[in-house]
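The residues making up each chain are set out below.
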Amino acid sequence: MKCCVPGLVCAALVSTTVSGQVPPPTFRSEARLVTVNASIQLGRRPLLGLTAADLVVLDNGVQQTVVRVDYATVPLDVTVIVDVSESSLSALKGIERDAARVTSFLRPTDRLRVLAVDTYVHELVPMSPVRTMTVQSPTTIGGWSAVHDSIAAALLVPAEPDCRQLVVALTDGGDNTSGTSPEQLVNIARATDSALVIVHTRLGPRSSGVTNRLPYLIGQPDLRALEEAARVTGGEVFRESAFGNNRIEAVEHVIEEFRQSYVLRYVTTGVEPKGWHDIEVRIKGRPDASVRARRGYFGG
Amino acid sequence: VTTTLRLPVTLVLTLTTALALVAGASAQRRSEPEELLALYDRGVYELFDERLRAFAAAPTSVETFTRAADRWMGSGFSSTRRRLVAAAVTVELAAVLSNWSAGPALMDAGRGWLSGSAADWARQWYRAAIGAALAHGDTDLVLALRDVQADAPRIMPSYREYANLALRQFPDDPSFMLFKAIAFELKSATGGSAQWFDRDAIDRHVKSLKRGRDGRPTVQLPANARMDVASAERLLRPDMADLPDVEFVAGISLRLWRVVNMFQDLQRNRVVAAEATLRLAVTYERLARPDLASLELARALDSPASPFVTYSVHFLRGRTFERADRLDDAEAAYRKALGAVPNAQAASFALAPLLVASARRLEAESLAAGALRFPLTPDPMKIYGGGDPSHMDDALARMRQELQ
């Protein structure tokens, strides 16, 4: 069973009546294993040493039992998306160098995938262990921007058992040639176990008249869909300028912060399996702790 | 002939060997462009295509190429054939240039070598050349075709000359007509969403604008307002001249309606009807008339259509269905698009979210993986502005065929 996809665990019949009380809602439900990445911090520092007993997880408002908590030890599958819509082929060398530097932040058990996005989405480095990384070079680079498609492509990968997925997109947010609409991008983000982090880069120069050639237009950079997509996965949006416009530092920060987040697993109980499930994570007795976790999932 | 037959066999063999050695030595000295010309001449197209792509990826010096071509043409037995080969290779090279800046001069050189070609061969050369210009977004060249736009921007004289020559020689060629219409479409297109203003709405705005002229509050005519021809012409009357921006806004609609007329004319020609209908639908979208766009999309495939057109029509129909929340129809349309051009990214990534939403994630994952498979499939929606490449491909193929 894949660790990160809510999977069928068992069929449970919840039918409880307590004498003298109004019976709670009854569901003939399929219990699912749900995985939640949760970044838990006190101020700017991660709150360490928490166990299942410290955590309260609500699924559609119903408290769940956390069956497992992992911290920092779970291997990562990292996808880095690089927007090259304003670049030329010479930029590929830089991307290869940067990819090699990113591997230095990763552990031998982690894996890395690199997507470049211009008019098309190019898989430069397929998901592979950091030691066996190979680069596929496209013959052309530059043009328009299909950022939404690239994020959809990154989120639509099969999850591997016992690993966590992180997608880091380095982009100015401009999109004028994606098949994935902004609304659908958010819907895909809702249905993923990956965490999406956007590193908002400076706006690249736009060729005049470029958008005029396309029959369907999304237009000017619009970060709203990207922000919403990141938010529902429990990710966030950083500005590249916060890292002195150093993309590699930004990626390093994102990976380190993600590694320091918790992985909570619970088997759903007492909730209707289908439809959208809101997830809420709290820390018992620590109202001062801030939690950033995925907002929910689709139950199919 | 008699003399040749009487030559001793040994002498013939010696001469043949000597010629082969000379040819071999000259082949060793051949420059890259000469090598390309020779490969094309011998019909070794697989190797030619491979070398051509590599050559086109590097910065191209037109001067180097033409000097090499002149040398190569001068060293052959049949200079007429070599001139045609050189002309063909220039347009083959122009079609795959990674940087179009060398394109115009390159094709000018090619045109110079066209003389002596059969009419149909020249027609294919022009089809390929103008198709290549359009594919690279050089609408100025295509718009320079005679009778398209009186106020077309001034461009290189030789450029205009050769574009016009094509039309003078082949005035009824549907490809040229279509290229012209596409170039005008691209020049007239606007980005972002459009908003339809009927005559009453225009009336209200005119009244409001006139009140504003008298110093009272006014409501600006939005830049994305689209209107019918009568309304646009009304706004262009002299008595409206001092109203802010109306000339600009009305002008956009008038140009788009002119594009509509061009594509409507082309719909009567079966060869290009399908692509003309697709582009007519897109123009209606730009005029904020999705109702008319849907009608055209529904009948675009009544005429024979290339995969480019079939894909685009189904993709755009999928978009329309999706907007109307007809998700099953949208899914079917995106699947038909992918039936025409498998693994194309726009339709793959439009379909994948629909699959995810209906609990078919595995299929969505497989679709996404297919769309990323190397090398990528050119997506008609992403090269819409460049026209259907099959026009150019077909012309290039016919030139090869004729020369063999």
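Computed from a prediction, not measured in an experiment: that's the story for all the values here. Along each chain, numbering runs from 1 in the same order as the chain's sequence is written. Throughout, the order in which chains and ligands are written sets their labels, letters from A for the former and numbers from 1 for the latter. Confidence filtering applies because this is a predicted model: local features only for residues at pLDDT of at least 70, side-chain atom pairs given and counted only at 80 or more, and all residues used for totals across whole chains, interfaces and linings. In computing side-chain properties, one takes all heavy atoms of the structure into account and sets aside hydrogens as well as water.

Asker: Would you take a moment to explain unusual backbone geometry for this structure?
Answerer: In terms of backbone geometry, most residues other than glycine have negative phi values and most peptide bonds are trans. Note that the residue after F374 of chain B, namely P375 of chain B, is joined by a cis bond; omega there is -5°. Relative to the elements of secondary structure, P375 of chain B occurs in the loop between helix 20 (361-371) and helix 21 (389-403). The residue N60 of chain A is not glycine, and still its phi comes out positive at about 50°. For N343 of chain B, which is not a glycine, the phi torsion comes out positive at approximately 70°. Only DSSP runs of H or I with at least four residues qualify as helices, and only runs of E with at least two residues qualify as strands; both kinds are numbered from the N terminus onward. Mapped onto the elements of the fold, N343 of chain B is located in the loop between helix 18 (327-340) and helix 19 (345-357). For N343 of chain B, a relative accessible area of 29% puts it in the partly exposed group. For the exposure calls, accessible area comes from a 1.4 Å probe over protein chains only, and a residue counts as buried if that area is under 20% of its type's maximum, exposed if over 50%, partly exposed in between.

Asker: What's the story with helix 15 (residues 273-286) of chain B in this structure? I'm lost.
Answerer: Counting along an α-helix, one turn takes 3.6 residues, and residues three or four places apart therefore face a common direction. Residues and elements named next belong to chain B. Here the expected length of a helix is defined as 1.5 Å per residue gap, with one fewer gap than residues. End to end, helix 15 covers 20 Å across 14 residues, agreeing with the expected 20 Å (1.5 Å per residue, within 8%). By the criterion of burial, helix 15 is predominantly enclosed, with 13 of the 14 residues buried. Positioned one or two residues after helix 15, A288 has a phi angle of 60°, which is positive.

Asker: Hey, could you run me through the side chain of T310 of chain B in this one?
Answerer: With respect to the helices and strands, the residue T310 of chain B is situated in helix 17 (residues 307-323). By the convention used here, residues are in contact when the closest approach between their heavy atoms is within 4.5 Å. Excluding residues within four positions of it along the chain, T310 of chain B makes contact with L301, A305 and A340 of chain B.

Asker: Help me understand the interface of chain B and chain A in this model?
Answerer: The interface of chain B with chain A comprises 36 residues on the first partner and 37 residues on the second. By buried area we mean the combined loss of accessible area, with a 1.4 Å probe, across both parts when two parts are placed together. Here chain B and chain A share an interface that buries about 2900 Å² over both sides, 61% of which is from carbon and sulfur atoms. The term salt bridge refers to a side-chain nitrogen of Lys or Arg lying within 4 Å of a carboxyl oxygen of Asp or Glu. The tally of links from chain B across to chain A stands at one salt bridge. The partner of K382 of chain B in a salt bridge is D149 of chain A, with the nearest N and O atoms 3.9 Å apart. In the analysis that follows, any N or O atom pair within 3.5 Å is treated as a polar contact, provided that within protein one partner can donate a hydrogen and the other can accept it, and provided that, for residues neighboring in sequence, both atoms belong to side chains. Counting across the chain B and chain A interface gives nine residue pairs in polar contact (both at pLDDT 80 or more). Elements with a contribution of two residues or more to the side of chain B that touches chain A: helix 15, helix 17, helix 19 and helix 20 of chain B. The classification used treats Ala, Val, Leu, Ile, Met, Phe, Trp, Tyr, Cys and Pro as nonpolar, Asp, Glu, Lys and Arg as charged, and all other residues, Gly among them, as polar. Across the side of chain B that touches chain A, the residue classes break down as 22 nonpolar, seven polar and seven charged.

Note that all results are geometric; they support no functional claim without further evidence.
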